[in-house]
Amino acid sequence: MLDRRLHAFRPDLADLALKGQVEADRFVSPEPAIINRPVVALRPKPDLTIGIDTELLMGEEVRVFERNNGWAWVQAVDDGYVGYLPEDALGPLVAPTHVVTAPRTFVYSGADLRFPTRMALSMGSRLTITGEAETRGTRYLLLADGGALVARHLRPLSEPVPADYVSVAGLFLETPYLWGGKSGFGIDCSGLVQLSMRMAGHKAPRDSDMQALGLGTPIERQDLQRGDLVFWKGHVAIMEDETSMIHANGNTMSVARETLEAAIERIGWLYGTPTGYRRLVAET
């Protein structure tokens, strides 16, 4: 059975690529677009009162299947997630040149940190840089509309990525926990895994059940080392070494460190023992 999270199909409309696999009144070829907001929620239905599935960041590319009543039905290019978002969160497709590497950063109204800010962006946001400037020894990268970001908070997409995704995850310590979150402003357990891995040049599925099936290979608990993943039902954590782990969790409502032993004891009464351990053999 096709997963509605990863395949765009409804009784009235479906992705043309699924023709012959699903029944629908109409099949369409998607149109490309990018996210033009710092963070936008992706929902299972076009309804602001229901919870979110995940989030998309500035500059992420999507495929658009439908625009209707202020909503767009889209599929994220990076991880294939399907859902609804406000139509005005979409912009024309452009080629990004840089990615934000700081957990959070500001877009200033000009190349001076004393200037008013226009917005805050999360790590993973993608931008098209058109110039640069220097003010009192600080280098800035410029957007076409005159916005400016501190240069050290960005990396050209053409440059090599950091090899250790665990170090990237550590930058999110104390970030608030947010169900469905995937940004430096709020993040959930599988979002932390996915975004950290993406910043290290690896692809990862979005949800923990997908990650438990599709990331790496199974290992035994006694073989755990840095970078391995520990799964519970509906939860995932990243091992920093043989005994300590980092995860976004509802206990501290933040990204936090704790020992694996403490986590197993604390989580066990509600969700049982870990369902599996996996070592990353990621798609690049």
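Fair warning: this is a prediction, and the values are worked out from it, not measured in the lab. (Residues numbered from 1 in each chain as written. Predicted model: local features only at pLDDT ≥ 70, side-chain atom pairs only at ≥ 80, totals over all residues. Heavy atoms only, no water.)

A. Local environment of the sheet that holds strand β22 (residues 235-239). Strand order in the open sheet made by the six strands is β20-β25-β21-β22-β23-β24, with antiparallel pairing throughout. Where the open sheet ends on each side, the last strands, each with one partner, are β20 (217-219) and β24 (254-259). Taking the axes of each pair of neighbouring strands and ignoring which way they run, one obtains an average angle of 35° across the sheet. As judged from the six bridges shared by strand β23 (residues 244-249) and β24, these two strands associate in the antiparallel manner. Within β24, the residue paired with Ser244 across the bridge is Thr259. Packed onto the sheet, helix α2 (residues 189-199) meets β21 (229-232), β22, β23 and β24 and runs at close to 45° relative to β22. Against the sheet, helix α4 (residues 260-271) contacts β21, β22, β23, β24 and β25 (276-279), and its axis sits at roughly 110° relative to β24. (Pairing = 2+ DSSP bridges. Helix = DSSP H or I, 4+ residues; strand = E, 2+ residues; numbered from the N terminus. Axes fitted to C-alpha atoms, helices over the stretch in contact; angles between N-to-C directions. Contact = heavy atoms within 4.5 Å.)

B. Inspection of unusual backbone geometry at higher detail. Look at Asn69: it is not a glycine, yet its phi comes out positive at around 55°. Asn69 sits in the exposed class, given a relative accessible area of 70%. Backbone geometry places Glu174, a non-glycine residue, at a positive phi of 75°. (Buried < 20%, exposed > 50% of the residue type's maximum accessible area, 1.4 Å probe, protein only.)

C. View of the sheet that holds strand β7 (residues 71-76). The five strands are arranged β8-β7-β6-β3-β9 in an open sheet whose pairing can be described as antiparallel. A single partner strand is all that each edge strand has here, and the edge strands are β8 (82-86) and β9 (90-91). Bridging between β7 and β8 involves five bridges; their strand directions are antiparallel. Across the sheet, the residue bridging to Ala72 is Leu85, located in β8.

D. Examining the pairing of strand β5 (residues 54-57) more closely. Side chains Thr54 and Leu56 project from β5 onto one buried face, and the interleaved Glu55 and Leu57 project onto a second face that is buried too. In terms of strand pairing, strand β4 (residues 39-42) meets β5 through four bridges, oriented antiparallel. Across the sheet, Val40 pairs through a bridge with Leu56, a residue of β5.

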